[in-house]
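# Tertiary structure, described
Here are the chains, one letter per residue:
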There are 2 protein chains.
Amino acid sequence: MLRGTAPRPARRRVRLETDQRRAQLLELAKAQFSARAYDDVSIDDLAREAKISKGLLYHYFPTKRDLYVAGLSEIANELVAAIEAVPQDLPPIDRVHHGLDAYLDHISRHSRAFVSLMRGGIGSDPEVAEVVESVRSRLFQRFLTGPPFTNAFTGDARFEIAVRGWIGFVEAATIDWCSNPRLSKLELRELLTQILLEIMRVVAPAVFKGAS
Amino acid sequence: MLRGTAPRPARRRVRLETDQRRAQLLELAKAQFSARAYDDVSIDDLAREAKISKGLLYHYFPTKRDLYVAGLSEIANELVAAIEAVPQDLPPIDRVHHGLDAYLDHISRHSRAFVSLMRGGIGSDPEVAEVVESVRSRLFQRFLTGPPFTNAFTGDARFEIAVRGWIGFVEAATIDWCSNPRLSKLELRELLTQILLEIMRVVAPAVFKGAS
């Protein structure tokens with residue numbers, strides 16, 4: 001067919017519109033799923049807001065679940081991107097601060113969706129679980145490969161388990177904080193930082209020595 | 001009817017048989033769900049093993065999901081009971097060791113089910129999520145109310161968030177360990193203990209001072 005040749009202008013325009021429509025629906029979905037419970041998000045309302053028919057919405061996302069997973073994946077990618085945007089050449093303690101700020105800012109913008117998701121309250125199918133697990137794995141890899149560790153501890157079981165554990169710590173603490181925000185964002189960030197330093201003192205004593 | 005009077009012997013016997021049958025099915029279900037993936041557990045096999053008809057099995061547990069949730073709840077109760085069996089009058093460090101031993105022993109007997117459950121791989125509906133959340137809450141309460149804290153930190157936001165976080169740490173580390181057991185159970189227990197002590201040093205410095 002047209003393989004190997006540039007698409008004709010008309011086709012390119014249709015394709016662009018398709019992408020724009022998809023992006024618009026995703027934006028609406030992200031806002032809706034962040035603001036209310038999964039069961040309270042209505043496909044009728046979404047179609048009305050997007051000024052398209054319900055049939056056309058289902059053409060892009062065959063089920064509400066598909067729309068949810070697509071929105072969730074995008075929120076997850078934005079989260080990882082925000083953390084990856086922290087410059088690698090900052091001192092380690094500043095990178096931790098900036099990384100946690102990015103994490104907590106992002107989560108607090110989607111706190112309702114985050115708590116339901118992490119507590120499994122909306123039901124968690126393998127696809128949803130994979131999005132969550134992929135965020136953990138990417139943050140884990142970044143932690144291991146970036147400075148100050150730059151792979152020095154890759155394969156070190158205690159270190160790797162401690163990093164996985166700390167990610168679990170941050171998630172659990174953040175779920176608690178979102179449901180019951182008793183600390184300011186800055187206080188929570190300080191607590192998470194201090195605890196990371198103590199954990200690193202256990203598993204990589206030479207690296208974080210004197211940083212606290 | 002018979003309200004307020006003792007059930008007649010025949011009725012009592014039927015009731016006893018009902019309880020025994022239910023207990024037998026739960027035991028079989030616990031073994032099956034621990035040994036294989038949720039989708040690979042077959043109701044036909046379970047009925048055959050219990051030497052009852054599929055219809056009778058569905059009388060006790062209307063769906064496979066019901067049987068799974070009932071088995072899971074019982075495993076969860078056994079887990080909390082094993083940890084609660086640790087004597088309160090031991091020195092704190094011994095209680096942590098015994099509590100973690102009980103936790104890791106229990107999880108490693110059901111490691112496949114634990115990993116699927118915690119990673120959401122089998123799908124996690126609100127009922128399943130509630131079982132998991134109830135284990136966390138009961139362990140959290142025990143931590144706060146038992147010695148050496150005995151409620152001294154109840155309501156202290158940093159302390160409570162740190163305890164929730166440590167439970168998240170233990171879960172994440174244990175999931176990693178079950179999927180890829182690179183440390184011995186004793187090494188993992190030591191790592192978890194050391195990290196708890198460091199965390200407590202941050203949020204309750206007076207209590208665990210000198211314990212490590």
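Residues numbered from 1 in each chain as written. Chains lettered and ligands numbered in written order. Predicted model: local features only at pLDDT ≥ 70, side-chain atom pairs only at ≥ 80, totals over all residues. Heavy atoms only, no water.

### Notes on the overall build of chain A
- The number of helices and strands found in chain A is nine helices and zero strands.
- Starting at the N terminus and walking to the C terminus, you meet the elements of chain A as α-α-α-α-α-α-α-α-α.
- Expressed as a percentage of its 212 residues, the buried residues of chain A come to 50%.
- Restricting to contacts in chain A with at least 6 residues of sequence separation, those with at least 24 account for 68%.
- Of the roughly 10,600 Å² that chain A leaves accessible, carbon and sulfur atoms contribute 54%. (Helix = DSSP H or I, 4+ residues; strand = E, 2+ residues; numbered from the N terminus. Buried < 20%, exposed > 50% of the residue type's maximum accessible area, 1.4 Å probe, protein only. Contact = heavy atoms within 4.5 Å. Areas by Shrake-Rupley, 256 points an atom, 1.4 Å probe, with all protein chains shown as cover.)

### Side note on helix α5 (residues 92–109) of chain A
- Look at α5(A): 26 Å from first C-alpha to last across 18 residues, which is about the 26 Å you get at 1.5 Å a residue.
- Taken together, the buried positions of α5(A) are occupied by R95(A), V96(A), H97(A), G99(A), L100(A), A102(A), Y103(A), L104(A), H106(A) and I107(A). (Expected span 1.5 Å × (residues − 1).)

### Considerations on the side chain of H110(B)
All names here are of chain B.
- Mapping H110 onto the fold places it in the loop between α5 (92–109) and α6 (111–119).
- Take H110: its relative accessible area is 13%, and that puts it in the buried class.
- If we ignore the near neighbours within four places in the chain, the residues touching H110 are S34 and I75.

### Here we look at the relation of the copies chain A and chain B
- Rotating chain A by 180 degrees and translating it 0.0 Å along the rotation axis places it on chain B, where the RMSD comes to 0.0 Å. On the angle and the small slide along the axis, the relation comes out as a two-fold axis.
- The fraction of interface residues of chain A whose copies in chain B are also interface residues reaches 100%, indicating that both copies meet through the same surface. (Least-squares fit on C-alpha atoms with pLDDT ≥ 70 in both.)

### Let's talk about the interface of chain A and chain B
- Between chain A and chain B, the residue contacts involve 32 residues of the former and 32 residues of the latter.
- When chain A packs against chain B, close to 2,900 Å² is buried across both sides, 67% of that on carbon and sulfur atoms.
- Residues R119(A) and E133(B) are paired through a salt bridge, measuring 3.6 Å at the closest nitrogen-oxygen approach.
- Across the chain A-chain B interface, the total number found is four residue pairs in polar contact (both at pLDDT 80 or more). (Buried area = accessible area lost by both parts, 1.4 Å probe. Salt bridge = Lys/Arg side-chain N within 4 Å of Asp/Glu carboxyl O. Polar contact = N/O pair within 3.5 Å; in protein donor to acceptor, adjacent residues only side chain to side chain.)

### Describing the packing of α5(B) against helix α9 (residues 185–203) of chain B
All names here are of chain B.
- Orientation of α5 relative to α9, taken along the N-to-C sense of each, is 135 degrees, at an axis distance of 10 Å. Taken together, the axes of α5 and α9 lie oblique to each other. Of the two possible hands of crossing, α5 and α9 adopt the one that is right-handed. Residue-level contacts link I93, V96, H97, L100, D101, L104, D105 and S108 of α5 to K185, L188, R189, E190, L192, T193, L196 and L197 of α9.
- By residue class, the composition of the contact of α5 with α9 is eight nonpolar, three polar and five charged. (Axes fitted to C-alpha atoms, helices over the stretch in contact; angles between N-to-C directions. Parallel < 35°, antiparallel > 145°, perpendicular 65-115°, else oblique. Left-handed = near helix turned anticlockwise from the far one by under 90°. Nonpolar A, V, L, I, M, F, W, Y, C, P; charged D, E, K, R; others polar.)

### A short note on the layout of surface pockets
- Considered as a void within the structure, the largest pocket measures approximately 840 Å³ in volume.
- Taken together, 40 residues line the largest pocket, and the ones lying closest to its centre are M118(A), R136(A), E171(A), R136(B) and E171(B).
- When contributions to the lining of the largest pocket are tallied by element, the ones reaching two or more residues are α6 (111–119), α7 (126–145) and α8 (157–179) of chain A together with α6, α7 (126–145) and α8 (157–179) of chain B.
- Taken together, the residues of the lining of the largest pocket break down into 17 nonpolar, nine polar and 14 charged. (1 Å grid on protein atoms, 1.4 Å probe; cavity = no way out; pocket = protein on both sides within 12 Å on 5 of 7 lines; lining within 4 Å. Points joined across faces, edges and corners; volume = space filled by probe spheres on them.)

### Section: the confidence of the model for chain A
- Residue-level pLDDT values for chain A average 89, and 88% of them are 70 or greater.
- As a predicted assembly, this complex carries a pTM of 0.89 together with an ipTM value of 0.88. (pLDDT = per-residue confidence, 0-100.)

### Concerning α7(A)
- Helix length check: α7(A), at 20 residues, gives a terminal C-alpha distance of 28 Å against a target of 28 Å (1.5 Å per residue), a fit within 8%.
- Of all the residues in α7(A), the buried ones are V128(A), A129(A), V131(A), V132(A), E133(A), V135(A), R136(A), L139(A), F140(A), R142(A), F143(A) and L144(A).

### Thoughts on the packing of aromatic side chains
All names here are of chain A.
- This structure, assessed with the given rule, holds 18 aromatic pairs over all chains.
- Ring geometry for F33 versus Y68: centroids 5.1 Å apart, planes at 75 degrees, classification edge-to-face. Taken together, the residues span a long stretch of sequence, with F33 in helix α1 (residues 9–35) and Y68 in helix α4 (residues 64–84) at a distance of 35 residues.
- Exposure remark for F33: the relative accessible area of 7% places this residue in the buried category.
- Note on Y68: relative accessible area 7%, which makes it buried.
- One aromatic cluster in this structure is built from F143, F149, F153, F159 and W166.
- A cation sits over an aromatic face here: K64 above Y38, 4.7 Å from the ring centre.
- Between R65 and the ring centre of Y38, over which it is positioned, the NZ or CZ distance is 5.3 Å. (Phe/Tyr/Trp six-rings, centres within 6.5 Å; stacked < 30°, edge-to-face > 60°. Lys NZ or Arg CZ within 6 Å of the ring centre and 35° of its normal.)

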